[in-house]
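Letter by letter, the chains look like this.
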Amino acid sequence: MKKEGHVYCNCCGKELQTETGSQMEDYFHMQKTWGYFSRKDGVTQTADICEDCLDRWILRFQIAPEDAEKTELFEC
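The structure reproduced in this document is the subject of the present report.

Reading guide: rules and limits
Residues numbered from 1 in each chain as written. Predicted model: local features only at pLDDT ≥ 70, side-chain atom pairs only at ≥ 80, totals over all residues. Heavy atoms only, no water. Helix = DSSP H or I, 4+ residues; strand = E, 2+ residues; numbered from the N terminus. Patch = residues over 30% accessible without salt bridge, like charges linked within 9 Å, V, L, I, M, F, W, Y side chains within 5 Å. Areas by Shrake-Rupley, 256 points an atom, 1.4 Å probe, with all protein chains shown as cover. Salt bridge = Lys/Arg side-chain N within 4 Å of Asp/Glu carboxyl O. Lys, Arg positive; Asp, Glu negative; His and termini not counted. Charge placed at Lys NZ, Arg CZ, Asp CG, Glu CD. Buried < 20%, exposed > 50% of the residue type's maximum accessible area, 1.4 Å probe, protein only. Core = buried A, V, L, I, M, F, W, Y, C linked by side-chain atoms within 4.5 Å. Phe/Tyr/Trp six-rings, centres within 6.5 Å; stacked < 30°, edge-to-face > 60°. Lys NZ or Arg CZ within 6 Å of the ring centre and 35° of its normal.

## Here's the deal with unusual backbone geometry
Right, on to step 1. For F37, which is not a glycine, the phi torsion comes out positive at approximately 70°.
Right, on to step 2. You can see F37 is positioned in the loop between strand 5 (27–33) and strand 6 (44–50).

Here it is as structure tokens:
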């Protein structure tokens, strides 16, 4: 959750670490605009989840997400 230039985890409320305006801690950002056939038709929801909370959440999944490792994180 972004608030006044700061990013907070929607699960635990922790402020994600920044240094002079640069993000120093990665997080999972999700955004979903609900469509027809949902109870939230037309609603957009967003959330930011810290890595620790995401790891705990994934442990509850019946089917784990697929992991793929990337060796080059930045493209020139």
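## Points about a negative patch on the surface
Right, on to step 1. A surface patch of negative charge is lined by D26, E51, D52 and D55.
Right, on to step 2. Assignment of secondary structure puts D55 in helix 1 (residues 51–58).
Right, on to step 3. The exposure class of D55 is partly exposed, given its relative accessible area of 42%.

## With respect to a nonpolar patch on the surface
Right, on to step 1. Taken together, the side chains of F28, M30, W57 and F61 make up a nonpolar region of the molecular surface, amounting to roughly 340 Å² of accessible area.
Right, on to step 2. Along the chain, M30 falls in strand 5.

## Brief notes about the nonpolar core
A general trend in soluble globular proteins is that nonpolar side chains are found buried together.
Right, on to step 1. Counting 8 residues, the largest nonpolar core consists of V7, C9, L16, A47, I49, C50, C53 and L54.
Right, on to step 2. Taken together, the elements giving at least two residues each to this core come down to strand 6 and helix 1.
Right, on to step 3. Broken down by element, the residue count for this core peaks at 3 residues, all from strand 6.

## Details of the packing of aromatic side chains
Right, on to step 1. Counted according to the given criterion, the structure contains 1 aromatic pair.
Right, on to step 2. Between W57 and F61 the ring centres are 5.3 Å apart and the planes differ by 85°, which places this aromatic pair in the edge-to-face class.
Right, on to step 3. Cation over ring: K32 sits above W34, and NZ or CZ is 5.3 Å from the ring centre.
Right, on to step 4. Across the ring face of W34, the terminal group of K40 is positioned such that the distance to the ring centre comes to 5.0 Å.

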